[in-house]
Number of protein chains: 2
Amino acid sequence: MASYLEQNQERFLSELMDWLRIPSVSADPKFHGDVLRAAEYLKARFEEVGLEKVELCPTAGNPIVYGEKIVDPALPTVLVYGHYDVQPADPYELWTSGPFEPVIKDGKIYARGACDDKGQVYMHVKALEVMNQDGGVPCNVKVMIEGEEEIGSNNLAIFVRENKEKLKADVILISDTGILSNDQPSIEVGLRGLSYHEVEVTGPNRDLHSGLYGGAVANPINVLCKMIASLHDENNHITIPAFYDKVAVLSEEERAELNRVPHSDDEFKQSIGLPDTYGEAGYTTVERIGIRPTLDVNGIWGGYTGEGAKTVIASKAFAKISMRLVPHQTSDEITEIFQKHFESIAPSGVTVVVRPHHGGEPVVTPTDSVAYKAAADAMETTFGKRPIPTRGGGSIPIVAMFKTELGLDSVLLGFGLDSDAIHSPNEHYGVFNFLKGIETIPHFYRNYAAAAK
Amino acid sequence: MASYLEQNQERFLSELMDWLRIPSVSADPKFHGDVLRAAEYLKARFEEVGLEKVELCPTAGNPIVYGEKIVDPALPTVLVYGHYDVQPADPYELWTSGPFEPVIKDGKIYARGACDDKGQVYMHVKALEVMNQDGGVPCNVKVMIEGEEEIGSNNLAIFVRENKEKLKADVILISDTGILSNDQPSIEVGLRGLSYHEVEVTGPNRDLHSGLYGGAVANPINVLCKMIASLHDENNHITIPAFYDKVAVLSEEERAELNRVPHSDDEFKQSIGLPDTYGEAGYTTVERIGIRPTLDVNGIWGGYTGEGAKTVIASKAFAKISMRLVPHQTSDEITEIFQKHFESIAPSGVTVVVRPHHGGEPVVTPTDSVAYKAAADAMETTFGKRPIPTRGGGSIPIVAMFKTELGLDSVLLGFGLDSDAIHSPNEHYGVFNFLKGIETIPHFYRNYAAAAK
């Protein structure tokens with residue numbers, strides 16, 4: 001006979017799609033009303049699945065949706081974290097269907113936030129509903145879903161600092177990462193940190209005619225390109241002084257272990273349509289993504305970008321530059337040395353301003369904890385295969401913050417795939433992965449509650 | 001008693017302002033209807049001042065406004081050239097008044113095209129009206145005003161090639177340049193050519209999450225910056241092989257003569273708010289602008305450029321890159337070697353496309369011709385000071401084309417100022433300059449007709 005999950009999966013999917021229709025883009029003020037609607041929608045779902053003390057906790061920014069179920073103070077408590085805000089959807093023209101008009105095509109839900117992170121958050125809500133049909137959640141659970149993960153979680157950090165008692169728990173459970181493939185489950189144990197900046201280069205006090213002035217004034221776009229180019233050497237090492245000083249150096253054994261992860265450069269290249277990989281000399285693709293810091297320009301703009309030709313020397317040029325950090329770099333330190341260095345390499349003839357955006361600390365989570373084992377066992381049960389511990393490249397800044405503020409480790413029980421195109425046009429999430437998550441999470445609670453007895 | 005010009009200057013100004021209200025932006029298709037309205041407006045003004053055979057000559061693009069007055073086939077013929085199309089006005093937010101809502105503030109007309117080139121074209125129309133009050137124009141005149149100068153004049157070149165008989169003349173008169181100052185008239189005798197390109201760098205086949213992929217794939221923005229940075233060496237020499245091969249080398253005497261032009265680096269820096277000049281080692285500012293070729297990025301864009309932070313690796317990055325050329329470089333040659341070089345420096349891991357936009361040939365016009373002397377004498381009469389021959393940096397591609405196709409030299413009798421901010425927000429044109437032009441042009445005709453007798 002069909003399980004409760006099988007009987008209700010259509011409804012679960014349509015509830016998620018209703019939520020995905022709300023464009024909860026936190027980076028752009030014009031979506032503020034939608035962000036609040038997305039929070040209200042989640043609050044109502046919390047109440048439906050029997051969470052208690054459900055509330056929208058106000059912050060200086062977007063509210064945090066909170067609910068809990070304390071079945072027995074003697075039992076351990078799991079604190080579930082996720083985020084209901086999403087990345088901006090542009091460039092819109094590259095989406096094959098509207099980013100906020102979710103559709104299911106060949107077994108995938110297409111929409112901004114389908115995977116990151118609304119789809120993965122909603123697995124937890126529905127997992128609670130499933131457990132309610134089977135004696136309820138076997139330990140205590142607190143659920144905290146924020147609305148500012150994509151813009152740095154600054155207000156969450158304040159909220160956590162001010163609500164340590166309310167958030168008291170034994171472990172943090174997060175689904176905001178991925179697995180290697182639907183045949184090979186994995187659990188992230190290493191996450192890179194982030195230092196993100198907007199830089200502004202100003203040359204002349206107004207746009208100039210390139211014919212009348214070209215050759216005699218600093219062109220801020222040329223200068224910005226030169227400055228950015230100078231940040232990497234010919235081996236793609238980052239040239240910022242002291243940048244690598246604190247980078248954790250792995251032993252040969254650790255590197256060998258890391259490279260045992262199933263990975264094919266050919267498949268990797270094919271999946272993103274690149275003729276070649278590219279990166280820091282002396283490291284494999286897995287290492288470049290997992291254990292090495294990086295510097296990428298995320299956006300650049302200046303001068304005339306319309307149709308046709310305009311022979312202008314722009315007054316200003318801008319770029320968004322971010323660095324991925326690894327243990328034991330810290331976001332504050334790297335932010336400071338980047339700012340100092342970038343300003344120091346500005347040639348006379350231009351002025352440079354560096355505006356730090358947000359950061360996040362790199363972390364490595366333990367693989368020998370009760371919680372990790374409970375998660376690994378749960379995946380082994382539902383996938384029929386033991387998950388591999390991996391060191392992904394993304395950063396969930398708050399994982400480090402939880403460790404510092406609450407003293408709690410996190411378990412990154414994510415179900416996404418690299419191919420889900422999160423942060424890109426046509427983001428999607430497999431129906432298989434969504435349902436597999438709802439199936440797996442109750443096993444985690446059962447394993448964890450049992451082990452903690 | 002007040003001259004006819006003095007009596008009618010208010011009307012002349014308001015007629016010009018009516019014309020400036022029509023946004024004749026040729027680079028952007030959405031203004032096509034306005035471009036045609038601007039041509040119709042000019043055609044009507046031609047008829048008012050007694051030009052004959054007035055017509056809109058059709059081309060594959062925007063029409064050419066033509067009119068002529070043949071007073072006596074035995075007399076020499078002046079062919080007046082100008083353009084009624086204007087540069088795009090963006091960034092709009094930097095204009096203190098609407099680019100197409102002309103206003104006069106402290107003796108200057110503010111509007112896109114006020115100087116470049118509607119204002120200067122209209123001086124010629126009104127100069128004809130003024131001469132009509134005083135026996136009429138003393139020699140034959142043909143007036144040809146095109147609508148595609150800002151996008152390369154490709155259709156004008158075809159029109160000229162196909163209408164050599166119709167355009168038969170003895171000299172070409174153009175007001176699309178400037179003078180050193182209102183106290184120091186000057187006449188451009190050297191103009192740089194142009195080679196303009198749009199480049200596109202493609203990395204991954206879609207935008208990627210910089211955390212999941214950063215460090216392992218070629219970031220097209222970083223790559224584009226590196227490629228652009230490599231186009232200049234530490235002395236700001238352009239590194240493209242063979243780029244300088246044909247550059248005319250001036251003798252020490254010629255350089256000394258050139259540097260006699262009144263110029264102050266301090267005033268130059270102050271006028272554009274720069275702490276320092278910047279450019280090719282071994283040359284003065286006057287030389288960098290006048291006799292040396294340059295390479296400038298006119299626009300760049302890629303990745304996330306909205307508010308806040310988006311941790312993305314873009315699939316594509318773009319730039320508009322143009323080079324100013326000097327005798328004896330040719331636009332076609334430089335376009336070819338730039339394209340070949342830029343594609344050759346692309347690292348494996350990205351694909352690069354170079355799309356040439358439009359070009360123009362550098363020219364030097366004679367200073368010992370009857371026409372040049374007629375122009376210099378006219379300015380000396382109205383300014384009370386002998387004009388200095390200068391080598392400006394701008395390019396009027398068709399000056400070289402006229403020489404090739406019609407075998408005619410041009411006289412660049414322009415009245416703008418470097419500070420007019422053409423191609424920039426808040427373009428303006430001095431009322432003094434507009435009226436001085438209308439006053440000077442009849443003297444040119446008188447001097448030229450007399451000398452040719």
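Position labels on residues start from 1 in each chain and follow its written sequence. The order in which chains are written sets their letters, starting at A; the order in which ligands are written sets their numbers, starting at 1. Only residues with pLDDT of at least 70 get local features here, since the model is predicted, and only at 80 or more are side-chain atom pairs given and counted; chain-wide, interface and lining totals rely on the full set of residues. Excluded from the side-chain calculations are hydrogens and water; all other atoms, namely the structure's heavy atoms, are used.

- Looking at an unreviewed UniProt entry, chain A carries the name Dipeptidase, with the source organism given as Hymenobacter fodinae.

## Section: the overall build of chain A
- Strands here mean DSSP runs of E at least two residues long; helices mean DSSP runs of H or I at least four residues long; both are numbered from the N terminus. Check the secondary structure of chain A and you find 13 helices and 18 strands.
- We take the radius of gyration over the C-alpha atoms and set the globule estimate at 2.2 Å times the residue count to the 0.38 power. A globule of 453 residues ought to have a C-alpha radius of gyration of about 22 Å, and chain A, at 23 Å, matches this closely.
- Counting only C-alpha atoms, chain A reaches 80 × 50 × 45 Å along its principal axes.
- Across chain A, the fraction of contacts at a sequence separation of at least 24, relative to all contacts at a separation of at least 6, is 78%.
- Surface accessibility of chain A: about 16,300 Å² in total, with carbon and sulfur atoms responsible for 51%.
- The positive count covers Lys and Arg only, the negative count covers Asp and Glu only, and His and the chain ends enter neither. Every charge is mapped onto a representative atom, which is NZ of Lys, CZ of Arg, CG of Asp or CD of Glu. Each charge class in chain A can be summarised by its mean position, and for the 41 positive and 64 negative side chains these summaries are 2 Å apart. A contact between two residues is defined here by any heavy atoms of the two lying within 4.5 Å. To measure how exposed things are, a 1.4 Å probe is used in the Shrake-Rupley method; for residues, cover is taken only from the protein chains shown.

## Here's the deal with the pairing of strand 13 (residues 316-325) of chain B
Residue and element names in this part refer to chain B.
- Counting buried positions over the 10 residues of strand 13 gives 9, a clear majority of the element.
- Sheet topology note: the strand 9 (residues 193-202)/strand 13 ladder contains 10 bridges and is antiparallel. When the bridges of strand 13 are listed, Leu-194 appears paired with Arg-324.
- DSSP-based pairing: two strands are paired if at least 2 bridges between them are found. Where strand 11 (residues 294-303) lies against strand 13, 8 bridges are found, and the strand directions are antiparallel. Bridging from a neighbouring strand, Val-297 pairs with Ile-321 of strand 13. When a residue's accessible area, from a 1.4 Å probe over protein chains only, is under 20% of the maximum for its type it is buried; when over 50% it is exposed; and in between it is partly exposed.

## Overview of the interface of chain A and chain B
- Counting residues at the interface gives 89 residues for chain A and 90 residues for chain B.
- Surface buried jointly by chain A and chain B totals about 7,600 Å² across both partners, of which 54% is contributed by carbon and sulfur atoms.
- For the side of chain A that touches chain B, the element with the highest residue contribution is strand 11 (residues 294-303) of chain A, accounting for 10 residues.
- Where strand 11 of chain A and strand 11 of chain B come together, 5 bridges link them in antiparallel fashion. In short, buried area is how much 1.4 Å probe accessible area vanishes from two parts on joining, totalled over both.

## Looking at the relation of the copies chain A and chain B
- Least squares is the method for superposing the copies, and the C-alpha atoms it fits come from residues with pLDDT of at least 70 in both. Placing chain A over chain B gives an RMSD of 0.0 Å and needs a rotation angle of 180 degrees, together with 0.0 Å of translation along the axis. On this basis, the relationship between the two copies can be described by a two-fold rotation axis.
- Taken as a fraction of all interface residues of chain A, those also at the interface in chain B reach 100%, which identifies the copy contact as same-surface.

## Considerations on the packing of helix 1 (residues 4-20) of chain A against helix 2 (residues 32-48) of chain A
Residues and elements named next belong to chain A.
- Orientation of helix 1 relative to helix 2, taken along the N-to-C sense of each, is 155 degrees, at an axis distance of 10 Å. The angle between helix 1 and helix 2 places the two elements in the roughly antiparallel class. For the pair helix 1 and helix 2, the contacting residues are Glu-15, Asp-18 and Trp-19 in the first and Ala-38, Tyr-41, Leu-42 and Arg-45 in the second. Helix axes use the C-alpha atoms of the stretch in contact, all axes being lines fitted to C-alpha atoms, and the angles between their N-to-C directions lie in the range 0 to 180 degrees. Here the angle decides the label: under 35 degrees means roughly parallel, over 145 means roughly antiparallel, 65 to 115 means roughly perpendicular, and every other value means oblique.

## Here's the deal with the side chain of Gln-184 of chain B
All names here are of chain B.
- Secondary-structure assignment places Gln-184 in the loop between strand 7 (171-174) and strand 8 (186-191).
- Residue Gln-184 is classed as buried on the basis of its relative accessible area of 14%.
- When neighbours within four sequence positions are excluded, Gln-184 is seen to be in contact with Ile-179, Pro-262, Lys-385, Arg-386, Pro-387 and Ile-388.

## What about the pattern of salt bridges?
Residues and elements named next belong to chain A.
- Whenever a carboxyl oxygen of Asp or Glu lies within 4 Å of a side-chain nitrogen of Lys or Arg, that contact is scored as a salt bridge. Under the defined criterion, the tally for this structure stands at 54 salt bridges over all chains.
- Among the ionic pairs, Arg-21 bridges to Asp-18, the shortest N-O distance being 2.7 Å.
- In this structure Arg-21 comes out as partly exposed when scored by relative accessible area, which is 41%.
- The exposure class assigned to Asp-18 is partly exposed, which follows from its relative accessible area of 37%.
- Connected via shared salt-bridge partners are Arg-11, Glu-15, Lys-126 and Glu-129.

## Considering the packing of aromatic side chains
Residue and element names in this part refer to chain A.
- Centres within 6.5 Å are what make two rings of Phe, Tyr or Trp a pair, Trp counting through its six-membered ring; a difference in plane orientation under 30 degrees is then read as stacked, over 60 as edge-to-face, and the rest as tilted. The full count for this structure, using the stated rule, is 25 aromatic pairs over all chains.
- Ring geometry for Trp-19 and Tyr-41: centres 6.4 Å apart, planes at 15 degrees, overall stacked. Of this pair, Trp-19 sits in helix 1 while Tyr-41 is found in helix 2, placing the two residues 22 residues apart along the sequence.
- What makes Trp-19 buried here is its relative accessible area of 0%.

## Some words on the sheet that holds strand 4 (residues 103-105) of chain B
All names here are of chain B.
- Read across the open sheet, the 3 strands follow the order 4-5-18; overall the sheet is antiparallel. Each having just a single partner strand, strand 4 and strand 18 (428-430) make up the two edges of the open sheet. For this sheet, the mean angle separating the axes of adjacent strands, direction not counted, is 30 degrees.
- As defined by bridge partners, strand 4 adjoins strand 5 (residues 108-110) across 3 bridges and the pair is classed as antiparallel. Paired with Ile-104 across the strands is Ile-109, a residue of strand 5.
- Seen against the sheet, helix 1 (residues 4-20) touches strand 4 and strand 5 and runs at an angle of roughly 20 degrees to strand 5.

## Structural notes on the domain arrangement of chain A
- Where each domain starts and ends comes from a domain assignment, either automatic or drawn from a database. Domain parsing of chain A yields domain 1 (1-191 + 362-452) and domain 2 (193-247 + 293-359).
- The distance between the C-alpha centroids of domain 1 of chain A and domain 2 of chain A comes to 35 Å.

## Quick word on unusual backbone geometry
- Cis rather than trans, the peptide bond between Asp-90 of chain B and Pro-91 of chain B has omega equal to 5 degrees.
- Among the secondary structure elements, Pro-91 of chain B is positioned in the loop between strand 3 (77-83) and strand 4.
- With an omega of 0 degrees, the peptide bond running from Asp-116 of chain B to Asp-117 of chain B counts as cis.
- In this structure, Asp-117 of chain B sits in the loop between strand 5 and helix 3 (118-132).
- Here Ala-242 of chain A, not a glycine, exhibits a phi torsion of approximately 70 degrees, which is positive.
- One can find Ala-242 of chain A in the loop between helix 6 (220-229) and helix 7 (252-258).
- Judged by its relative accessible area of 41%, Ala-242 of chain A falls in the partly exposed class.

## Structural notes on the packing of helix 2 of chain A against helix 3 (residues 118-132) of chain A
All names here are of chain A.
- Relative to each other, helix 2 and helix 3 sit at 20 degrees, their axes nearing to 9 Å. Comparing the axis directions of helix 2 and helix 3 gives the class roughly parallel. The handedness of the crossing between helix 2 and helix 3 is left-handed. In this structure, helix 2 uses Leu-42, Arg-45 and Phe-46 to contact helix 3, whose residues at the interface are Val-121, Tyr-122 and Val-125.
- Considered class by class, the residues forming the contact of helix 2 with helix 3 number 5 nonpolar, no polar and 1 charged. Crossing handedness: left-handed means the near helix sits turned counterclockwise from the far one by under a right angle, and right-handed means the same turn made clockwise. Ten residue types, Ala, Val, Leu, Ile, Met, Phe, Trp, Tyr, Cys and Pro, are classed as nonpolar, four, Asp, Glu, Lys and Arg, as charged, and the remainder, Gly among them, as polar.

## Points about the sheet that holds strand 18 (residues 428-430) of chain A
Residue and element names in this part refer to chain A.
- The 3 strands lie next to each other as 4-5-18, forming an open sheet whose pairing is antiparallel. Each edge of the open sheet is held by one strand with a lone partner, namely strand 4 (103-105) and strand 18. Averaged over all adjacent pairs, the angle separating strand axes in this sheet is 30 degrees, with direction ignored.
- Direction of pairing for strand 5 (residues 108-110) relative to strand 18: antiparallel, over a ladder of 3 bridges. Each residue of the ladder has a partner; that of Ile-109, found in strand 18, is Tyr-429.
- Together, strand 4, strand 5 and strand 18 form the strand contacts of helix 13 (residues 431-452), whose direction differs from that of strand 18 by roughly 60 degrees.

## Looking at the side chain of Ser-175 of chain A
Residues and elements named next belong to chain A.
- Within the secondary structure, Ser-175 is located in the loop between strand 7 (171-174) and strand 8 (186-191).
- Since its relative accessible area comes to 1%, Ser-175 is described here as buried.
- In terms of polar contacts, Ser-175 uses its side chain to reach the side chain of His-124, at 2.7 Å.
- The term polar contact refers here to a pair of N or O atoms within 3.5 Å; inside protein, the definition further demands a hydrogen-donor-capable atom paired with an acceptor-capable atom, and it admits residues adjacent in sequence only when both atoms are side-chain atoms. Side-chain polar atoms of Ser-175 contact the backbone oxygen of Leu-413, separated by 2.6 Å.
- Apart from residues lying up to four places away in sequence, Ser-175 is in contact with Tyr-81, Asp-117, Gln-120, Met-123, His-124, Leu-413, Gly-414 and Phe-415.

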